[in-house]
Amino acid sequence: MWKRNATALALGAGLCGLLLSAAPAPLTAQQAPKPGLPTGPMKEKADKACLACHNSAIIVQQQLDRRVWVKDVEKMIRWGAPVAPEDREALIDYFAQHFAPREPEQELTLPDGPSVGKVRVACLVCHGTGNIAENRLDRRGWTQIISKMENWGAVVQARDREAILNYLVTHFSPPAEEPKKKDEKQ
């Protein structure tokens, strides 16, 4: 029994190491997310179970219903997250209470356009439209985000990847800089 538990722990630790090594470069102090997990009876246990492998921003950005939190917590336990069996349900409840889908009236709608349906299928399983709209990235930035989300489990069909990228670049890029006007007197 010990051997099996030690093997599972080693696999979980190896997976955390693999995920960390694939992570993008650390953010600067100005860019670093500062959300943290909300206070509550399970905060300390959530910190211990989750923050050993990733930062709180991954959790805070989620907008999952309880059914999906169940699957996510179970996956993390399989990967080695230290969650006591008696804490499992309370931890799921904590996440479902604090990181549930936003109310529809709080959500922005995605602009119509080619591939909006593909974006909904690939992105809105885990995120609300606000998570997309608040980002203003160039093509390179959106490419990195899509790759990161795929690494974290987003299902993006290879045939749809370019169409999704084009949609995000078209609708959620930084505003174009105004060309500097030449002084007519010169």
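If you're wondering where the values come from, they're calculated on a predicted model, not measured in any experiment.

*Asks:* Just give me the short version of the packing of aromatic side chains, but keep the residues and values in it.
*Replies:* This structure, assessed with the given rule, holds 5 aromatic pairs. Look at Trp69 and Phe99: their rings are 6.4 Å apart centre to centre, the planes differ by 50 degrees, and that puts the pair in the tilted class. Of this pair, Trp69 sits in helix α4 (residues 66–78) while Phe99 sits in the loop between α5 (88–98) and α6 (116–123), placing them 30 residues apart in sequence. Judged by its relative accessible area of 2%, Trp69 is buried. Phe99 gets classed as buried once you look at its relative accessible area, which sits at 6%. What links up through ring pairs into an aromatic cluster is the set Trp69, Tyr94, Phe95 and Phe99.

*Asks:* Account for the side chain of Ser115, with residues named and values stated.
*Replies:* Mapped onto the elements, Ser115 comes out in the loop between α5 and α6. Accessibility expressed as a relative area gives 19% for Ser115, which makes it buried. Setting aside chain neighbours within four positions, we find Ser115 in contact with Ala163 and Tyr167.

*Asks:* Pulling in residues and values, what's your account of the nonpolar core?
*Replies:* In terms of nonpolar packing, the biggest core is built from 19 residues, with Ile59, Trp69 and Phe95 touching the most fellow members. Of all the elements in the fold, those that place two or more residues in this core are α2 (43–50), α4 and α5. With 5 residues, the single largest contributor to this core is α5. Not counting chain neighbours up to four residues away, the residues in contact with Ile59 comprise Leu37, Cys50, Leu51, His54, Trp69, Phe95 and Phe99. In terms of nonpolar packing, the next biggest core, distinct from the first, is built from 16 residues, Leu110, Val119, Cys123 and Val169 among them.

*Asks:* Please provide a residue-by-residue account of the packing of α2 against α5, values included.
*Replies:* Where α2 contacts α5, the axes come no closer than 10 Å and their chain directions differ by 100 degrees. The angle between α2 and α5 places the two elements in the roughly perpendicular class. Contact residues: Lys43, Ala46 and Cys50 in α2; Leu91, Tyr94 and Phe95 in α5. Among the residues making up the contact of α2 with α5, the classes are represented as 5 nonpolar, no polar and 1 charged.

What counts, and where the lines are drawn
- Residues numbered from 1 in each chain as written.
- Predicted model: local features only at pLDDT ≥ 70, side-chain atom pairs only at ≥ 80, totals over all residues.
- Heavy atoms only, no water.
- Phe/Tyr/Trp six-rings, centres within 6.5 Å; stacked < 30°, edge-to-face > 60°.
- Helix = DSSP H or I, 4+ residues; strand = E, 2+ residues; numbered from the N terminus.
- Buried < 20%, exposed > 50% of the residue type's maximum accessible area, 1.4 Å probe, protein only.
- Contact = heavy atoms within 4.5 Å.
- Core = buried A, V, L, I, M, F, W, Y, C linked by side-chain atoms within 4.5 Å.
- Axes fitted to C-alpha atoms, helices over the stretch in contact; angles between N-to-C directions.
- Parallel < 35°, antiparallel > 145°, perpendicular 65-115°, else oblique.
- Nonpolar A, V, L, I, M, F, W, Y, C, P; charged D, E, K, R; others polar.

Remember, this is a structural readout, not a statement about activity or role.
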